[in-house]
Amino acid sequence: LSRPVNNKNGIVPEGTAASCWKANKWLCFFVIAMLWTTVWQMPPSPALIFDSIASSTTTSESKPLWTAGEMKRFMRLPCNYVHDGFYLSDSNEMANQVYQSLMELKDDAIPLVIEVGGHDGITKSLSLKSSICFRMNTMLIEASPSNYKVLQKARNYDITINKALCEDDVENIVMIENTANSGENKIVNRDHVEANEKKKNKKSGGRISVTCTSIDQELDKLALQLPISQRGKLFILLLILDVEGYETTAIDGINKYSPKKVYIETNKLDEEQQIQIQEWAESHGLGEGRQYGQDRQYKFHPTIEEKKPSNLTKQLFYGARNYTPKDTHRTSEASQAYMFYGE
């Protein structure tokens, strides 16, 4: 179109691009319009959606939910991400369990991992690897305001909620924060608060009032952001529950949604409370479960230890070491979370 004009009249000779444009300009307009409409209406890639929200604080109202098919397409393997924190072998095991279940799902399913007792989202998190590597929809619930302040920033690509799981008729509860160990912050009753103040425990901080919620309530709100046709496809793939002896109260609000797998801390529960946990598990079709150290597992696939070495675990965690990592905060030992190097 920009070729020089060589005749005296400044008219472009027949056969040039300009004359072609003059003869077919309506056809050109039509083609341009069709191309513009196609590009304008093209939906953004889920990968772009994920990256665009990584820099902003997310809530249950704003985070887009991924389908199992999108997770399978955009997951990042091997999952050799090592975070500087405790429970590294448990973190690998949760990733192993989520992966095995994810690969069995239909592509239109909308799975969700819920970690109750989210702490700071890094140091003791068991959901972190699944979120980063599989782009799993993840909800972290943390009652402690001080922990949540860190959690909200550390996991701003996940759904984070600063509330406590309580009984139906309770709107607020009291929490005492442990200044020496933020993982030991506890929800307490009035008698416990008064006894604690009399003892003047140096490790205990002030009393904090925390708003209550339930998992059923939070999932109902989450489902509302989906089209009506997809709301029935949202489900709990894995529930991780560690709330310092408050587990029996936390599960009271899980009735409408039945988790497919559960990992729950039981070492701080008395016999009666453990019976309550078991009855709840059976009511949701989770069976008897099995004890795993201080925790109880329900509906788990074979663990890393049971299947090691296997092609599955090598695919997930292939890296720089050939043995399972210890649970430690030491960075030098945390690097041992890489496995199966050279095999």
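Look up a bit, the structure's there.
First, a word on what this report is: a plain description of the structure on this page. Just so it is clear, the model here is predicted, and its values are computed rather than measured.

Formed by 40 residues in total, the largest nonpolar core has its most connected members in Ile114, Val116, Met139, Ile215 and Leu239. Not counting residues up to four positions away in its chain, the partners in contact with Leu239 are Ile114, Val116, Ile215, Ile254, Pro259, Lys261, Val262, Tyr263 and Trp280.

We now examine the pattern of salt bridges. Under the criterion given, the structure shown has seven salt bridges. Here Lys163 and Glu218 are joined by a salt bridge, their closest N and O atoms 3.8 Å apart. Here Lys163 is found in the loop between β3 (159–161) and β4 (164–165), whereas its partner Glu218 is found in helix α8 (residues 215–223), with 55 residues between them in sequence. The partly exposed category is assigned to Lys163, whose relative accessible area is 24%. For Lys256, the salt bridge goes to Asp220, with nearest N and O atoms at 2.9 Å. Residue Lys256 is located in the loop between α9 (247–251) and β9 (261–265), and its partner Asp220 is located in helix α8; the two are separated by 36 residues in the primary sequence.

The alternating pattern of strand β2 (residues 138–141) places Thr138 and Leu140 on one face and Met139 and Ile141 on the opposite face, and all of these are buried. In this view, the connection linking strand β1 (residues 110–116) to its parallel neighbour β2 by way of helix α5 (residues 128–134) has right-handed handedness. Across three bridges, the pairing between β2 and β3 is parallel. In the strand pairing of β3, Ile141 is matched with Ile161. In this view, the connection linking β2 to its parallel neighbour β3 by way of helix α6 (residues 145–154) has right-handed handedness.

This next bit is on the sheet that holds strand β11 (residues 295–298). Within the open sheet, the seven strands sit side by side as β3-β2-β1-β8-β9-β11-β10. Their pairing is mixed. Where the open sheet ends on each side, the last strands, each with one partner, are β3 and β10 (290–292). Across this sheet, the average inter-strand angle for adjacent strands is 20°, counted without regard to direction. Where β10 lies against β11, three bridges are found, and the strand directions are antiparallel. If you follow Arg290 over to β11, its bridge partner there is Gln297. Strands β8 (234–241), β9 and β11 of the sheet are contacted by helix α10 (residues 271–283), whose axis makes an angle of about 15° with β11.

The rules behind each value
- Residues numbered from 1 in each chain as written.
- Predicted model: local features only at pLDDT ≥ 70, side-chain atom pairs only at ≥ 80, totals over all residues.
- Heavy atoms only, no water.
- Core = buried A, V, L, I, M, F, W, Y, C linked by side-chain atoms within 4.5 Å.
- Buried < 20%, exposed > 50% of the residue type's maximum accessible area, 1.4 Å probe, protein only.
- Contact = heavy atoms within 4.5 Å.
- Salt bridge = Lys/Arg side-chain N within 4 Å of Asp/Glu carboxyl O.
- Helix = DSSP H or I, 4+ residues; strand = E, 2+ residues; numbered from the N terminus.
- Right-handed = clockwise from strand over helix to strand, strands pointing away.
- Pairing = 2+ DSSP bridges.
- Axes fitted to C-alpha atoms, helices over the stretch in contact; angles between N-to-C directions.

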